[in-house]
Amino acid sequence: MFKKSQFLQIGLLSVALMTPLLAKPQVALLATGGTIAGAGHARTSSQYTAAVVPVTQLIADVPEISAIAEIHGDQVCQLASQAMTPEMWLKIGKQTQAQLDKEAIVGAVITHGTDTMEETAYFLDLTLQTTKPVVLVGSMRPGTALGADGAANLYQAVKTAISDNSANRGVMVLMNDTIFAAREVTKGHPFKPSAFESPNTGPVGDFHDNAPFYLSRVDRKVESPFDIRKLSALPGVAIIYGYAGSSAAQVRAAVQEGARGIVMAGVGNGNLNPDTEKALIAARQDGVVVVRSSRLGSGSVTKEAEVDDAKHGFVVGGSLNPQKARVLLMLALTQTVDLDRIQGYFDTL
Ligand code: SIN
């Protein structure tokens, strides 16, 4: 027969063996504000204030996320994302990296306003060193609205971040039952829950049956060429919008303001009106790096079609939209002003 003390030992051993099996996966939840942290005064009103609900409340309001994961909340900032800055990208990037470097953390979820979410997502995609899932999530309606979308989006983001199938896919955005790659995603509508899209590639996955389902295989390179650990600011890069009759004054103003780079959101295939083209050639002579992209929102700007890129020293932005071309150019300028190297980044990242 067993003695009482032996029963106790067996009991303690079973608890020790079971604990890792019962322990929930640990997820870092970095909150930055946005409509997902917004509140309005009436369920049917479209008026609300973004970025007022703290991360502790976001976690408490969706108990389903704590049922599936141990959530480590971190309030990085509390901003509507129209107020997001490159300095804040660096802070978010460093804090996310610090969380991902912890062995126990299986993935990160970042709550963010939807207006500039695509820029933060691409910045993180270019700079985080990890194979773990990183999912940005927001909402188009505040939690106080009838038909609020934030709770379901947040739950799906956490569930996606703890899925074994989500590793090694780079940074993703989850909105409206849909998973997008950071490089390809853009916000395409001002208020509908289905606002997000990837015009060139489509989404990388869907969320259904309580799990993420990917439409493509893992093909993500892990190594990032950019190291933000010692950076406290990024080089200034302006975006100039092309239109019929646009003046060169915007380009000159950007150069006078000290921009080290200009992304031209040109018309059509990144085309430039003659005055703007002359001003950009002059900007090149002042050492400003010029990237040609397009205001069209889909497709790829091609080299040497109607513009003599080689002669003028213009970099061609490929399929990146102007706001994402700006993110890449800012990071590229932390390393080099060599046009071939910068073009190489645009061709591959
Ligand atoms: C914002 O980007 O912070 C406001 C809009 C939103 O989150 O949907």
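Residues numbered from 1 in each chain as written. Predicted model: local features only at pLDDT ≥ 70, side-chain atom pairs only at ≥ 80, totals over all residues. Heavy atoms only, no water.

Enquirer: Mind laying out the sheet that holds strand β1 (residues 26-33), listing which residues take part and the relevant values?
Expert: With respect to topology, eight strands assemble into an open sheet ordered β2-β1-β3-β4-β5-β6-β9-β10, the strand pairing being mixed. Single-partner strands in this sheet number two, and they are β2 (70-79) and β10 (211-214). Neighbour-to-neighbour, the strand axes of the sheet open up by a mean angle of 25°, direction not taken into account. Direction of pairing for strand β4 (residues 134-137) relative to strand β5 (residues 171-175): parallel, over a ladder of four bridges. Across the sheet, residue L136 finds its bridge partner in β5, namely V173. Sheet strands touched by helix α4 (residues 86-100): β1, β2, β3 (105-111) and β4. Its angle to β2, the strand with the most contacts, is close to 170°. Set on the sheet, helix α6 (residues 150-161) makes contact with β1, β2, β3, β4, β5, β6 (178-181), β9 (205-208) and β10; between it and β3 the angle comes to about 155°. (Pairing = 2+ DSSP bridges. Helix = DSSP H or I, 4+ residues; strand = E, 2+ residues; numbered from the N terminus. Axes fitted to C-alpha atoms, helices over the stretch in contact; angles between N-to-C directions. Contact = heavy atoms within 4.5 Å.)

Enquirer: Give me the lowdown on the domain arrangement of the protein chain, citing residues and values where you can.
Expert: In terms of domains, the protein chain is made up of domain 1 (24-214) and domain 2 (237-348). Averaged C-alpha coordinates put domain 1 and domain 2 at centres separated by 30 Å. On the domain 2 side, the residues contacting the 15 residues of domain 1 number 14 residues. Of the roughly 1,200 Å² buried where domain 1 meets domain 2, counting both sides, 59% is carbon and sulfur surface. When the buried area of domain 1 at its contact with domain 2 is split by residue, Y122, R183 and N200 rank highest and sum to 41% of it. At the junction of domain 1 with domain 2, the criterion picks out zero salt bridges. For the side of domain 1 that touches domain 2, the element with the most residues is helix α5 (residues 117-127), which contributes six residues. Here the residues of the side of domain 1 that touches domain 2 are counted per class, giving eight nonpolar, three polar and four charged. (Domains from an automatic or database assignment. Buried area = accessible area lost by both parts, 1.4 Å probe. Salt bridge = Lys/Arg side-chain N within 4 Å of Asp/Glu carboxyl O. Nonpolar A, V, L, I, M, F, W, Y, C, P; charged D, E, K, R; others polar.)

Enquirer: Kindly report on the site of the ligand, identifying the contributing residues and their values.
Expert: Taken together, the neighbourhood of the ligand is formed by G34, T35, A80, S81, Q82, G113, T114, D115 and S139. D115 places a main-chain nitrogen or oxygen 2.9 Å from an oxygen atom of the ligand. Here the ligand, which alone exposes 250 Å², has 94% of that area covered by the protein. When the residues that make up the shell around the ligand are grouped by side-chain class, the tally is one nonpolar, seven polar and one charged. (Near = heavy atom within 4 Å. Polar contact = N/O pair within 3.5 Å; in protein donor to acceptor, adjacent residues only side chain to side chain. Areas by Shrake-Rupley, 256 points an atom, 1.4 Å probe, with all protein chains shown as cover.)

Enquirer: So what about the packing of helix α10 (residues 322-333) against helix α11 (residues 339-348)? Which residues, and what values?
Expert: For the pair α10 and α11, interaxial distance at closest approach is 10 Å and the crossing angle is 140°. Classified by the angle between their axes, α10 and α11 sit oblique to one another. Crossing handedness for the pair α10 and α11: right-handed. On α11, the residues that touch A325, L328, L329, A332 and L333 of α10 are I342, Y345 and F346. (Parallel < 35°, antiparallel > 145°, perpendicular 65-115°, else oblique. Left-handed = near helix turned anticlockwise from the far one by under 90°.)

Enquirer: Can you tell me about the sheet that holds strand β12 (residues 261-266), naming the residues and giving the values?
Expert: Taken in spatial order, the four strands of this open sheet run β11-β12-β13-β14, and their pairing is parallel. Of all strands in the sheet, those with a lone pairing partner are β11 (237-241) and β14 (314-316), marking the two edges. Pairs of neighbouring strands in the sheet enclose a mean axial angle of 25°, with direction left out of account. One ladder, built from three bridges, connects strand β13 (residues 289-294) with β14; its direction is parallel. In the sheet register, V290 faces β14, and the bridge partner there is F314. Sitting on the sheet, α11 is in contact with β13 and β14, with an inclination near 15° to β14.

Enquirer: An account of the side chain of Q156 is requested, with residue identities and associated values reported.
Expert: When you line up the elements, Q156 lands in helix α6. Among the residues examined, Q156 registers a relative accessible area of 8% and is labelled buried. Side-chain polar atoms of Q156 contact the side chain of D177, separated by 2.9 Å. If we ignore the near neighbours within four places in the chain, the residues touching Q156 are L174, D177 and F207. (Buried < 20%, exposed > 50% of the residue type's maximum accessible area, 1.4 Å probe, protein only.)

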